[in-house]
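Read off the chains here:
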Amino acid sequence: MIQALTNIPDWRVTLEDTDLTERMRPRLVSLTISEKRGDEADQLDIVLDDADGLLAIPPEGARLLVMLGWKQGRDVAPGLVHKGSFKVDEVNHSGPPDQIRIRARAADFTSAIRNRREQSWANTTLGTVLQDIAGRNALSLRIAPDLAAIALPALHQSRESDTAFLRRLGRENDAVATIKTGTLIFARKGAGTTSTGQPLPTLALTRRSGDGHSWQRQTRDGQAGVTAHWHDRKAARHRAVTMGKAEGAKTLRKTYPDEASARRAATAEHTRLKRAPATLDMRLALGRPDAIPEARVTLTGFKPEIDATPWLITEVTHRLDNADGFITELKMEVSSN
């Protein structure tokens, strides 16, 4: 009789070129990685047992490379998945029982990218603006040609950090602006591609994949359209453009410098509203290290309304601890693509 393989999680933590895994393994209380869509840095939290007082407190700025996955199992794919490089910026020692808690954030998010700046561009393109931002933060740029070619008659960064400015540009173009492995990525939401342009995998999940879920449908308050205002210099007056239904349309607060910019912002918000009606949170009993933000998900075994919906991951939390083993928690929204 062949004995079924036990599902055994695996992980690796490297400091520079030194593999710390075997030294950390008997002390590991928990390891958590949070990955979010957009300009928020991925976060790593590690809790280690220091009951014998022999653990050294890691230095500020130490860089940790983390991999997660499975060593073996009947219901999992063995192997490790690279989850990124993280820079230690918070350390806490507490007790009893004595423990060291390490918090690190994605190493690509330097302090400079959070500093407020003033800059203006005229008669340029979105690609040129993003190349300027990437260049001054020592990043390469990956952007779809159609987004890069968007004309910008005038654009102002006024007392905004580069992260806040990227968030605004993403919101106005229904795009995701994020930084991964030294690359500033600007892509349409739900584009379904990696930083190298390769298609993201679609996760096929069933009701048996999870041990908890929460689905919610929200009311849109009848807002089936979005109106944006823009300044017509020649006529010296404000004009409006509406995407969707004009009756009861949501009005954007900002006044845009030209009609094209107003139309893009209204279109982006209108698309976001169409994604908003339903969300789904799901806790996977067996961790999926390949689950990342912007990956698509198909579901079976739930209610017909849930199974029929194309889902898009917006946030992922991977957690490995002694109590639950390796689990993955997903936050999802309706994919508009």
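Rules and cut-offs
Residues numbered from 1 in each chain as written. Predicted model: local features only at pLDDT ≥ 70, side-chain atom pairs only at ≥ 80, totals over all residues. Heavy atoms only, no water. Pairing = 2+ DSSP bridges. Helix = DSSP H or I, 4+ residues; strand = E, 2+ residues; numbered from the N terminus. Buried < 20%, exposed > 50% of the residue type's maximum accessible area, 1.4 Å probe, protein only. Salt bridge = Lys/Arg side-chain N within 4 Å of Asp/Glu carboxyl O. Phe/Tyr/Trp six-rings, centres within 6.5 Å; stacked < 30°, edge-to-face > 60°. Lys NZ or Arg CZ within 6 Å of the ring centre and 35° of its normal. Contact = heavy atoms within 4.5 Å. Axes fitted to C-alpha atoms, helices over the stretch in contact; angles between N-to-C directions. Parallel < 35°, antiparallel > 145°, perpendicular 65-115°, else oblique. Left-handed = near helix turned anticlockwise from the far one by under 90°.

## Some remarks on the pairing of strand β5 (residues 63-72)
At step 1: Across eight bridges, strand β1 (residues 8-15) lies against β5 in antiparallel orientation. Each bridged residue has a counterpart across the sheet, and for leucine 15 the counterpart in β5 is leucine 64.
At step 2: In this sheet, strand β6 (residues 79-94) lies alongside β5 in antiparallel orientation, the contact comprising eight bridges. Paired with tryptophan 70 across the two strands is glycine 79, which belongs to β6.

## Brief notes about the pairing of strand β18 (residues 278-284)
At step 1: Residues of β18 alternate between two faces, with Ala278, Leu280, Met282 and Leu284 buried on one and Thr279, Asp281 and Arg283 left unburied on the opposite face.
At step 2: By the bridge criterion, seven bridges tie strand β14 (residues 210-217) to β18 in an arrangement that is antiparallel. The partner of glycine 210 across the bridge, within β18, is leucine 284.
At step 3: When β18 meets strand β21 (residues 325-334), the two strands line up antiparallel, connected through six bridges. Each residue of the ladder has a partner; that of threonine 279, found in β21, is glutamate 333.

## Comments concerning the pattern of salt bridges
At step 1: One pass over the full model with this rule turns up 23 salt bridges.
At step 2: For glutamate 22, the salt bridge is made with arginine 25, and the minimal N-O distance between the two is 3.1 Å.
At step 3: A relative accessible area of 32% places arginine 25 in the partly exposed class.
At step 4: Close ionic contact of glutamate 172 with arginine 168 constitutes a salt bridge, the shortest N to O distance being 3.7 Å. With glutamate 172 and arginine 168 both in helix α4 (residues 162-172) and four residues apart, this pair spans about one turn of that helix. There is no split in this pair, since glutamate 172 and arginine 168 are both buried.

## Points about the packing of aromatic side chains
At step 1: By the definition in use, this model includes two aromatic pairs.
At step 2: The interplanar angle of 5 degrees and the centroid separation of 5.6 Å between the aromatic rings of tryptophan 121 and phenylalanine 165 together place this pair among those described as stacked. Here the residue tryptophan 121 occupies a position in strand β8 (residues 116-125), and phenylalanine 165 occupies one in helix α4, the gap between them amounting to 44 residues.
At step 3: Judged by its relative accessible area of 0%, phenylalanine 165 falls in the buried class.
At step 4: Positioned above the aromatic ring of tryptophan 11 is the side chain of arginine 25, whose terminal nitrogen or guanidinium carbon lies 5.2 Å from the ring centre.

## Quick notes on α4
At step 1: α4 sits mainly inside the fold: eight of its eleven residues count as buried.
At step 2: Listed in full, the buried residues belonging to α4 are Asp162, Thr163, Phe165, Leu166, Arg168, Leu169, Gly170 and Glu172.
At step 3: The positive-phi residue at the C-terminal boundary of α4 is aspartate 174, with phi of around 50 degrees.

## As for the environment of alanine 262
At step 1: Tracing the chain through its elements places alanine 262 in helix α5 (residues 259-275).
At step 2: Along the sequence, alanine 262 and leucine 252 sit ten residues apart, while their C-alpha atoms lie 9.3 Å from each other.
At step 3: Beyond its immediate stretch of four places on either side in the chain, alanine 262 contacts Ala228, His229, Trp230, Val241 and Tyr256.

## Concerning the sheet that holds strand β15 (residues 225-232)
At step 1: In spatial order, the strands read β16-β15-β17; together these three strands make up an open sheet with mixed pairing. The open sheet has two edge strands, β16 (237-244) and β17 (250-256), and neither has a second partner. Ignoring strand direction, the axes of neighbouring strands in this sheet form an average angle of 25 degrees.

## Section: the sheet that holds strand β9 (residues 140-143)
At step 1: Read across the sheet, three strands follow the order β9-β12-β11 without closing on themselves; strand pairing throughout is mixed. Looking at which strands have only one partner, the edges of the open sheet turn out to be β9 and β11 (175-180). Direction aside, neighbouring strands of the sheet carry axes that sit 15 degrees apart on average.
At step 2: Along the sheet face, helix α2 (residues 126-136) touches β9 and β12 (183-188) and points at about 150 degrees away from the line of β9.

## A look at the environment of leucine 152
At step 1: Checked against the element boundaries, leucine 152 lands in strand β10 (residues 151-161).
At step 2: With a relative accessible area of 6%, leucine 152 lands in the buried category.
At step 3: The spatial distance from the C-alpha of leucine 152 to the C-alpha of threonine 124 is 5.2 Å, given a sequence separation of 28 residues.
At step 4: Setting aside residues up to four positions removed in sequence, leucine 152 forms contacts with Ala122, Asn123, Thr124, Thr125, Leu126, Val129 and Arg264.

## Here's the deal with the packing of α2 against α4
At step 1: Direction vectors running N to C along α2 and α4 enclose 155 degrees, while the axes themselves pass 12 Å from each other. Put simply, α2 runs roughly antiparallel to α4. Like other packed secondary-structure pairs, α2 and α4 cross with a definite hand, here left-handed. Together, Leu126, Val129, Leu130, Ile133 and Arg136 of α2 and Asp162, Phe165, Leu166 and Leu169 of α4 make up the contact between the two elements.

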